[in-house]
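# Notes for the structure review
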Amino acid sequence: MNVNIVWFKNDLRLADNPALHAALQSAERILPVFVLDDHMPAIETPGGASRWWLHHSLSALAADLRVIGAELVLRRGEASHIIPALALETGASAVHTARAHEPAMRAVDKQVATALQVHKIEFHRHLSAALFAPERITTKTGGVYGVYTPFSRACFDAGVSEDELPVPTNIPGVRNIASDDLSSWALLPTQPDWAQAFPASWQPGEAGAHQKLAAFLQTAVGPYADARNLPGQPGTSRLSPHLHFGEISPRTVWNRAVHAKGQGVQTYLKELLWREFSMYLLWHHPNLASVPIRSEFANFPWADDRAGLRAWQRGQTGIPIVDAGMRELWQTGWMHNRVRMIVASFLVKHLLIPWQVGEAWFWDTLVDADLAANAASWQWVAGCGADAAPYFRIFNPVLQGQKFDADGTYVRRYIPELAALPNQYIHAPWDAPEIILTSARVTLGRTYPKPLITLTQGRERALAAYRQISKSGQHD
Ligand SMILES: Cc1cc2nc3c(=O)[nH]c(=O)nc-3n(C[C@H](O)[C@H](O)[C@H](O)COP(=O)(O)OP(=O)(O)OC[C@H]3O[C@@H](n4cnc5c(N)ncnc54)[C@H](O)[C@@H]3O)c2cc1C
């Protein structure tokens, strides 16, 4: 009886899953396994919100597998030991898994490959998380793209296959293999349960992913090009955690979007390619999460502003759009992309706090925390990444709020203490006359904080800091 192991990573789905499909082609029995690897560096260990998601996603996958005949085996420890040991225990002839993009996970894959080779067990890594293998997208001279637009053109030229792999109807499993109990991993928060509001926004697992996609393509993809910038409206797909955990394949999302009707389709495909570009950057810059691509930023004169950081994390900076974003993140495990850019820019530029510190907070609090997208986006905002927004272009959070949340819907949702302010002052309460503040029951410094820093002061301080690293005049 030939056994193949399917080692699930961030491909927690049955549909269009290349590792699962390939394993089923060449074995009579399948052992599906997930390993919680405690020995990964902190930078690749899931944060709190991701662990909440992982618990529910594994539970959904286990239930889906059980329906078609297989038990998901859960093991905790070093994957580099556990996978080869399970292969020997079951007499497996091959292990199939998703290809990793993250550096520590890539190293683990290599160790597993070496250990399996000793026993002449095959090891197959399948492209699963990305649309394109990173080495497939090269410049005309075979080089690496550093700029998004030509990269995205090359992706459009390469094309995405329409052939998706079917959901298996029957997976003959292997019996009597010991598995951990998911609850023993304690992935869920205990007291206080900061995730109690998450289920109102999310249904982790493959079914939830497909529902989100269908709902988006039915109603929101049409106006997406404009609506995606308005945090008060449900204008985006909210697929990011589902895509991160691989509950739906990027190929499925791409193909369904291509066939959907609506003006926003092209813009949506381009956003999917930002995700692709992030993975590509991480592949070519394995230190993306800690080291700025533009090396002069290694000497940036950052501030050690712990009080500022704490106020930012808690949504108490006194800048309404920033605080609304940080509270949305805490309450739902997600933040709208426009607001992610605003809060990140405020931290890095107005507060001069290193982007890696903001990146770490996002890593712990986002349900879609993704090493590639998070690192690439923080570097982009900080001006030190590939194809980044120039550092000296500093977002004014008040103007951003007035433009993208003109009627204050978003700010009022997350900052109820400002809800009674008229639209004119909702993004800059410090400009409101005393009588307006009083009638809205707002006392700055008491019911809502005064701004941590005036925006002009913060902007000038940021530009002065930037001048210190750009004295050479290479990057004005
Ligand atoms: C500072 C900062 C940190 C971020 N950290 C993460 C992160 O950890 N994980 C993450 O998935 N995204 C991250 N993003 C990118 C983006 O904010 C989210 O992908 C997006 O908000 C998810 O919402 P959505 O699924 O509704 O997006 P949609 O607008 O519906 O886009 C569809 C999909 O495209 C991808 N995508 C869209 N924009 C980007 C982008 N700029 N970069 C990479 N992929 C993108 C996502 O997978 C998303 O689900 C970050 C952005 C910023 C500015």
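Residues numbered from 1 in each chain as written. Predicted model: local features only at pLDDT ≥ 70, side-chain atom pairs only at ≥ 80, totals over all residues. Heavy atoms only, no water.

### Side note on the nonpolar core
Core analysis: the largest hydrophobic core is formed by 97 residues, its most contacted members being Tyr 268, Trp 312, Val 322 and Phe 362. No other element matches helix H11 (residues 265-284), which puts 10 residues into this core. Residues from two domains meet in this core; each of domain 2 (130-162 + 206-284) and domain 3 (295-467) gives at least three. With residues near it in sequence (within four places) discarded, Trp 312 still touches Thr 317, Val 322, Met 326, Val 343, Phe 346, Leu 347, Leu 351, Gly 358, Trp 361, Phe 362 and Trp 378. (Core = buried A, V, L, I, M, F, W, Y, C linked by side-chain atoms within 4.5 Å. Buried < 20%, exposed > 50% of the residue type's maximum accessible area, 1.4 Å probe, protein only. Helix = DSSP H or I, 4+ residues; strand = E, 2+ residues; numbered from the N terminus. Domains from an automatic or database assignment. Contact = heavy atoms within 4.5 Å.)

### Some thoughts on helix H16 (residues 371-382)
For H16, which comprises 12 residues, the first-to-last C-alpha distance of 16 Å matches the rise-based estimate of 16 Å (1.5 Å per residue) to within 8%. In terms of burial, H16 is a largely internal element, 9 of the 12 residues being buried. Within H16, burial applies to Leu 371, Ala 372, Asn 374, Ala 375, Ala 376, Trp 378, Gln 379, Val 381 and Ala 382. Residues of H16 that are buried make contact with helix H4 (103-118), H11, helix H12 (306-313), helix H14 (337-350) and helix H15 (355-365). Two residues or fewer past H16, Gly 383 is found with a positive phi of approximately 80 degrees. (Expected span 1.5 Å × (residues − 1).)

### Some details on the site of the ligand
Residues in close proximity to the ligand total 28 residues, the closest being Tyr 224, Thr 236, Ser 237, Arg 238 and Asn 337. In the environment of the ligand, an oxygen atom lies 2.5 Å from a nitrogen or oxygen atom belonging to the side chain of Tyr 224. Bound to the protein, the ligand loses 95% of the 820 Å² it would expose on its own. Secondary-structure elements contributing two or more residues to the shell around the ligand are helix H9 (240-244), H11, H14 and H16. The element contributing the most residues to the shell around the ligand is H11, with 6 residues. The residue makeup of the shell around the ligand includes at least three contributed by each of domain 2 (130-162 + 206-284) and domain 3 (295-467). (Near = heavy atom within 4 Å. Polar contact = N/O pair within 3.5 Å; in protein donor to acceptor, adjacent residues only side chain to side chain. Areas by Shrake-Rupley, 256 points an atom, 1.4 Å probe, with all protein chains shown as cover.)

### Some remarks on the domain arrangement of the protein chain
Domain assignment breaks the protein chain into domain 1 (3-128), domain 2 (130-162 + 206-284) and domain 3 (295-467). In this structure, domain 1 and domain 3 have C-alpha centres spaced 39 Å apart. Taken residue by residue, the interface counts 13 residues in domain 1 and 7 residues in domain 3. Where domain 1 abuts domain 3, roughly 690 Å² becomes buried across the two surfaces, and 59% of that area is made up of carbon and sulfur atoms. Considering only the side of domain 1, the residues that lose the most area to domain 3 are Ile 43, Ala 49 and Ser 50, jointly responsible for 47% of the buried surface there. Taken together, the links from domain 1 to domain 3 amount to 0 salt bridges. (Buried area = accessible area lost by both parts, 1.4 Å probe. Salt bridge = Lys/Arg side-chain N within 4 Å of Asp/Glu carboxyl O.)

### Regarding the sheet that holds strand S3 (residues 73-76)
On the basis of which strands lie adjacent, the open sheet formed by 5 strands has the order S3-S2-S1-S4-S5 and parallel pairing. One side of each edge strand has no neighbouring strand; the edge strands of this open sheet are S3 and strand S5 (122-126). The mean angle between the axes of side-by-side strands here comes to 25 degrees, regardless of whether they run parallel or antiparallel. As judged from the 4 bridges shared by strand S2 (residues 29-36) and S3, these two strands associate in the parallel manner. In the strand pairing of S3, Phe 34 is matched with Leu 74. Seen against the sheet, H4 touches strand S1 (3-8), strand S4 (94-98) and S5 and runs at an angle of roughly 155 degrees to S5. (Pairing = 2+ DSSP bridges. Axes fitted to C-alpha atoms, helices over the stretch in contact; angles between N-to-C directions.)

### Quick word on the pattern of salt bridges
The tally for this structure, following the rule as stated, stands at 11 salt bridges. Residues Glu 135 and Arg 99 are paired through a salt bridge, measuring 2.8 Å at the closest nitrogen-oxygen approach. You can see Glu 135 sitting in the loop between S5 and helix H5 (148-158) and its partner Arg 99 sitting in the loop between S4 and H4, a full 36 residues away along the chain. Among the residues examined, Arg 99 registers a relative accessible area of 17% and is labelled buried. Between Arg 306 and Asp 304 there is a salt bridge, with the nearest N and O atoms lying 3.2 Å from each other. Residue Arg 306 shares its accessibility class with Asp 304, and that shared class is exposed.

### Side note on unusual backbone geometry
Not every positive phi belongs to a glycine, and Asn 176 is a case in point at roughly 60 degrees. Position of Asn 176 relative to the elements: it lies in the loop between H5 and helix H6 (198-201). Assessed through its relative accessible area of 78%, Asn 176 is described here as exposed. Even without being glycine, Arg 238 reaches a positive phi, approximately 55 degrees. Tracing the sequence through the fold places Arg 238 in the loop between helix H8 (224-227) and H9.

### Quick look at the packing of helix H13 (residues 320-332) against H15
Look at H13 against H15: their axes get within 9 Å of each other, and the N-to-C directions meet at 35 degrees. Within the contact between the two elements, H13 uses Met 326, Leu 329 and Trp 330 and H15 uses Trp 361, Phe 362 and Thr 365. Residue composition of the contact of H13 with H15, grouped by class: 5 nonpolar, 1 polar and no charged. (Nonpolar A, V, L, I, M, F, W, Y, C, P; charged D, E, K, R; others polar.)

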